[in-house]
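Read off the chains here:
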Amino acid sequence: MSQHLPVLQVVVPLLAAPLAALVRRPRLSWLVAFLAALWAFGVAVALLHHVLSVGPISYHIGDWAPPWGIEYRVDQVNAFVLLIVSGIAAVVLPYARASVEWEIENERIPLFYTALILCMTGLLGISVTGDVFNVFVFLEISSLSAYALIAMGQDRRALTAAYQYLIMGSVGATFIVIGIGLMYVMTGTLNMADLAQRLPAMEANRTIPVAFAFLTVGISLKLALFPLHLWLPNAYAYAPSTVTSFIASTATKVAVYMLLRFVFTVFGAAFSFDVMNIDRILTPLALAAIVFMSLSAIYQPNVKRLLAYSSVAQIGYMVLGISLASVFGVAAGILHLFNHALIKGALFMAMGCVMYRVGSVRIEAMAGLGRTMPFTMAAFVIGGLSLIGVPLTVGFISKLYLVRAALEQGMWPVAVLVLVGSLLAVIYVWKVVEVAYFRQPIGDGSIREAPLSLLLPTWVLVLANIWFGVDAKLTAGVAIRAAQTLLGVGS
Amino acid sequence: MTPSVLVGLAVALPLVGAGLVLALGKWPNAREGATLVTGVALFATVMGLLGPVRSGLRPSLTLVEVVPGLKLGFQAEPLGLLFALVASFLWVVTSLYSIGYMRGHHEEHQTRFYAFFAFSIASAMGVAFSANLFTLFAFYEALTLCTFPLVTHHGTEEARKAGRVYLGILLTTSVAFQLLAIIWTWQLAGTLDFRPGGILAGTASKGVLSVLLALFVFGVGKAAVMPFHRWLPAAMVAPTPVSALLHAVAVVKAGVFTILKVSVYVFGLDVLGTLAATPWLAWAAAATIILASLVAFTKDNLKARLAYSTISQLSYIVLGALLANRWGIIGGGMHIAMHAFGKITLFFGAGAVLVATHETEISRMHGLGRTMPITFGAFFVGALSIVGVPPAGGAWSKWFLGLGTLEAGQIWLLAVLMLSSLLTLVYLLEVPARAFFGKPAEGRAPVEGIHEAPWPSVLALTITAVATVILFVHPGPVFDLVSLVVPK
Amino acid sequence: MKEVLGLYNYWIVIGLMMIGFYTMISRGNLVKKLVGLSIFQTSVMILYISMGKILGGTAPIIIEGRENVVYTNPIPSVLILTAIVVGVATLAVGLALVVRIKEAYGTIEEDEIHEQDDVM
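Rules used in this analysis
Residues numbered from 1 in each chain as written. Chains lettered and ligands numbered in written order. Predicted model: local features only at pLDDT ≥ 70, side-chain atom pairs only at ≥ 80, totals over all residues. Heavy atoms only, no water. Helix = DSSP H or I, 4+ residues; strand = E, 2+ residues; numbered from the N terminus. Polar contact = N/O pair within 3.5 Å; in protein donor to acceptor, adjacent residues only side chain to side chain. Contact = heavy atoms within 4.5 Å. pLDDT = per-residue confidence, 0-100. Salt bridge = Lys/Arg side-chain N within 4 Å of Asp/Glu carboxyl O. Buried < 20%, exposed > 50% of the residue type's maximum accessible area, 1.4 Å probe, protein only. 1 Å grid on protein atoms, 1.4 Å probe; cavity = no way out; pocket = protein on both sides within 12 Å on 5 of 7 lines; lining within 4 Å. Points joined across faces, edges and corners; volume = space filled by probe spheres on them. Nonpolar A, V, L, I, M, F, W, Y, C, P; charged D, E, K, R; others polar. Phe/Tyr/Trp six-rings, centres within 6.5 Å; stacked < 30°, edge-to-face > 60°. Lys NZ or Arg CZ within 6 Å of the ring centre and 35° of its normal. Arc of directions from axis to C-beta. Buried area = accessible area lost by both parts, 1.4 Å probe.

Visitor: Help me understand the side chain of aspartate 75 of chain A in this model?
Guide: All names here are of chain A. Assignment of secondary structure puts aspartate 75 in the loop between β2 (71-74) and α3 (76-103). Within the structure, the side chain of aspartate 75 is placed 2.9 Å from the side chain of arginine 261, a separation counted as a polar contact. Apart from the residues lying within four places of it in its own chain, the contact partners of aspartate 75 are Val51, Pro56, Arg261 and Thr485.

Below is the structure:
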């Protein structure tokens, strides 16, 4: 059983997806989805434990030995990402039940859960596989279901947002296919480990840099790296609350993981940074994302959109860490992957609670919620503080490592810009907080605190924000080891 | 109880107090009782640490290792103990004062007020007993956030604007400069622990360390070195007890305390003395001393004048730290205590006048001394302490600061101290002088309707005024404690 | 000259790719955009298949007695089967979205949709 964990991670949710559609009853399909997410989470925990205590796992699908067969390969890096994706799914699904019943028509709910599990399956698949073409297949599974999920938002702008995401996402995915094809034509293999061995000999050939460029741009589209982020704000803003909470904390994170995998494992840090000088592109773009997207966030009248812009800025932090190409830097990027999932998960779920009771997430709609929905807004405040990076929250840990990594290389202007980003976060978070706590409630006073089934999962993430901010030994330790694995330096 | 437990208890007790306040919110008398009892228990706890610390022990307690090499931990050392003693004692007195003030002034949301007050004290205790820069920074930021609801207590547009300035300056300086400095220190020294003699010696060039020092001095926005002082006058929209305890004692002292700690335990006086930036920063502090005094002259609003006086006095302590010699540290450390008692008395006085007469402008306080003799008598004593003349405690700290400037060979800095004392004398004593000798202002309600503020408030300001005088007669305990920081 | 004629399959790929890309960017009609996307994806399929093709090669079937036969690499073709499925699915989802957009906005012209959203 235990040696089959890597494939069970993907296959069980994949089978659960049609089941959720077949049972046809909303509650029952929710149960199927929830169990699938719990299963995935359990497997991810077991995998991480195994990887940390024993070492990387290589699983051969259908017992075909790599490089001919597809290999699923789990090491510190993707075990951590699997944990993030499945963990967020396991927290979001209990939350989904009430929220989805309110936002989606009854007969569509089973299909909604099918798409949600498919999306999770795709993301898990991207993370677990060691085969580059398999990455593309799972990427499309997750993306296609994500387009459908986003389109189910109540606002009609959700449709155009989904359409825009579909166009840009497909272009990104196609770029990735081109890159994969060019690599295949030069090396004759699709296995990541095999590619890593064969590529160095081909570096001089111009095809490899072209493949690298196509892959980087394609993945950057998927991870919404500034200025390729245009699809993201509307998609996050108008999707159903559950979808936003799930996708915002997982989809872009998995794309960041893809970047890590291709840049460090497949092409290798030496080629990516010394030959291609990818840091010369990534660092300025990441810094631009941090500064400009934080500034854009300040001017958003819709809180979900505001948080979406903030997400683009936060992706800048992750990419910045990666572009530093040092153990501390990459670890900071990986750490922020996890931490930002917790932060944005909590914040978007709090906004889902507001949506459930107030029916709007525009800033004016927050008026007086500090009094009428005290627990929801308290969750938002703590999540916001974590986003800013106040000590004893996860956001602080990320910034700590990132700034240290920048200083280590003597890049103090970078360190300053990272901290400036934090200050801009203060402004956009505080804008919401001020309206919630200083304005009188509007309406007839019928607004009540959100139901427990929404509040509890939200608070689970909020408390995780504090827990992993106070005791970050586990997350920081895994991130450092993952970074060492990626950079190929001894632990 | 072992001393280590006491250290943890000192931080935990105010949190328990806050919980009690929230639980007892429906019964105001029980609620205020809880605050007072917690305050007394806290003071007793901190006093319990005095013996062990004086005998040379440094009881410490590590809560959790956050990431490898960074611990959330506490340690009692003389300077922190002094800060904790002052803050916890004055918390009890301020609570007493608050009862009279908040009820006499019919303030709303009193439960929230007392709860956040307790949270703030817990943060201040955390700052005082922090064992490393990380812990200090965590509680420093917690203190900013816990005092925000107190500053914006009235919820008005004015309070909201002031809250923005408050949070804006304190967070900007702490995140952009102080955090940068802390992480840089971590990267250079590999540790953030406070150690006698410092941790930075020999880790980087003098130029780098100079930059680092500047980042610390300006990054500790709570020390209000110009140009990052605007938050303190802004914070004056808060109810007076907040201004009195937090913005004359806990918050601002947390700032200068941080600078003293960084000077002694992170840089070390030996390193500090050799840096090129040290004298320049000392002059920045000196400029703040003079400029803030000059601005104080122009303020007719009593609390605003006191705020600028605080800015000026805080820079005395910053200056003391930057003199980088034993007398400077002793003078600066003692000034934490001396200024606290003096300034809180002044704020209590201002609040008492507000409650009794609803007057906030100095120019309208003529003749009030005759109807409120205790209040203005105490105000007079407090003012003497700030000026630094006998028979008030402030005389001692200024004496040692003066010695420090001489030892550093900075005769001009001594001149600055003298000039500033002179300025302080004029702008502070103007208030009791008008009250006692001026004629009642025209257009104000007849004098008969006015009498002293409610008794708890009057009692509180009497206690602090008497304490100011006692500190002049018996400065020994304070001196002994502070001199443990810089052994000969 | 050899670069131009000898690599004609790549030139076709590039040509199709640019046509598809240009259509996607320049057209305001949502269906035309999808058509552009499809052309774009198709060009990549041709790229893959032409990479694997060997002149004179046959299907990779082992026949007894004729082991030394030249055959075309089947893997790119197999991969492209997957990509075709993905492409069809993308197109289907895209068209479904366009239908829904038409229902919601009454138009499938991008600028008219923006106008309606701006009014709100």
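Visitor: Is there a simple way to explain the confidence of the model for chain B in this structure?
Guide: Detailed reading of the predicted coordinates is not advisable wherever pLDDT is low. Residues and elements named next belong to chain B. Model confidence for chain B is summarised by a mean pLDDT of 88, while 98% of its residues fall at 70 or above. Within chain B, helix α5 (residues 133-151) carries the highest mean pLDDT (92), whereas helix α14 (residues 368-371) carries the lowest (81). Interface predicted TM-score (ipTM) for the complex: 0.92; the corresponding pTM is 0.91.

Visitor: Honestly, the pattern of salt bridges in this entry has me stumped. Any pointers?
Guide: Where charged atoms of side chains with opposite charge meet at close range, the side chains can pair. Applying the stated criterion across every chain yields a total of 19 salt bridges over all chains. Notably, a salt bridge pairs glutamate 434 of chain A with arginine 164 of chain B, separated by 2.8 Å at the nearest N-O pair. Of the two residues, glutamate 434 of chain A sits in helix α18 (residues 412-438) while arginine 164 of chain B sits in helix α6 (residues 157-189), which places them in two different chains. Its relative accessible area of 47% is what places arginine 164 of chain B among the partly exposed residues. Note that arginine 195 of chain B is salt-bridged to aspartate 193 of chain B, the shortest N-O span being 4.0 Å. Taken together, the salt bridges that share partners define one network made up of Arg31, Glu32 and Arg103 of chain B.

Visitor: Looking at this structure, how should I read empty space enclosed by the protein?
Guide: A probe as big as a water molecule, rolled over the atoms, marks out the empty space that is left. By the definition in use, this model includes 5 cavities of 30 Å³ or more. In terms of lining, the largest cavity is formed by 15 residues, of which the most central are Leu123, Ser142, Ser143, Tyr165 and Ala251 of chain A. Within the residue set of the lining of the largest cavity, elements represented by two or more residues are α4 (109-128), α5 (132-151) and α10 (241-266) of chain A. A per-element tally of the lining of the largest cavity places α10 of chain A first, with 6 residues. Lining the second largest cavity are Phe136, Glu140, Thr174 and Val177 of chain A together with Gln41, Val44, Met45, Ile80, Ala83, Val86 and Gly87 of chain C. Within the residue set of the lining of the second largest cavity, elements represented by two or more residues are α5 and α6 (157-187) of chain A together with α3 (30-52) and α4 (74-105) of chain C. No other element matches the 4 residues that α4 of chain C contributes to the lining of the second largest cavity. Each residue belonging to the lining of the second largest cavity can be placed in one class, and the counts come to 7 nonpolar, 3 polar and 1 charged.

Visitor: It is not clear to me how the packing of aromatic side chains should be interpreted in this structure. Could you clarify?
Guide: Working definition: an aromatic ring pair is given by the centre-to-centre distance plus the angle between the planes. Taken as a whole and judged by the stated rule, the model has 46 aromatic pairs over all chains. Judged by centre distance (5.8 Å) and plane angle (25 degrees), the ring pair of tryptophan 396 of chain B and phenylalanine 472 of chain B falls under stacked. Placement of the pair is tryptophan 396 of chain B in helix α16 (residues 394-407) and phenylalanine 472 of chain B in helix α18 (residues 455-473), with a sequence separation of 76 residues. Judged by relative accessible area, tryptophan 396 of chain B falls into the partly exposed class, the value being 28%. Aromatic ring contacts, followed pair by pair, group Phe175 and Phe214 of chain A together with Phe21 and Phe40 of chain C into a single cluster. The ring of tyrosine 140 of chain B has lysine 222 of chain B sitting right over it, with the charged end atom 3.5 Å from the ring centre.

Visitor: I'm lost on helix α7 (residues 192-202) of chain A in this one. Help?
Guide: Count 3.6 residues to each turn of an α-helix, and residues three or four apart come out pointing the same way. Residues and elements named next belong to chain A. For α7, the complete set of buried residues consists of Met192, Asp194, Leu195 and Leu199. Around the axis of α7, the buried residues are gathered within 130 degrees of arc, so they sit on the same side. Away from its buried face, by an angle of more than 90 degrees, α7 presents the exposed residues Gln197 and Ala201. Buried residues along α7 sit against α5, α6, α8 (207-222) and α10. The N-capping residue of α7, defined by a side-chain oxygen 2.9 Å from the backbone nitrogen of alanine 193, is asparagine 191.

Visitor: What is the right way to look at the layout of surface pockets in this model?
Guide: Here the largest pocket defines a volume of roughly 1900 Å³. Lining the largest pocket are 47 residues, and of these Val381 of chain A together with Phe116, Phe119, Leu145 and Pro149 of chain B lie nearest its centre. Residue assignment for the lining of the largest pocket shows that the elements contributing at least two residues are α15 (369-372), α16 (374-388), α18 and α19 (452-470) of chain A together with α1 (3-23), α4 (110-128) and α5 of chain B. Considered class by class, the residues forming the lining of the largest pocket number 31 nonpolar, 11 polar and 5 charged. Volume-wise, the second largest pocket comes out at about 1100 Å³. Lining the second largest pocket are 44 residues, with Thr160, Ala161, Gln164, Asn234 and Arg305 of chain A sitting closest to its centre. Looking at the lining of the second largest pocket, the element that brings in the most residues is α6 of chain A, giving 9 residues.

Visitor: Please clarify how the interface of chain C and chain A should be interpreted in this entry.
Guide: Reports often express the size of an interface as the amount of accessible area lost when the parts come together. In this assembly, 35 residues from chain C lie in contact with 27 residues from chain A. Taken as a group, Tyr48, Leu97 and Arg100 of chain C account for 19% of the area that chain C buries against chain A, more than any other trio of residues on that side. There are 0 salt bridges connecting chain C and chain A. Take the side of chain C that touches chain A: its biggest share by element is 16 residues, from α4 of chain C.

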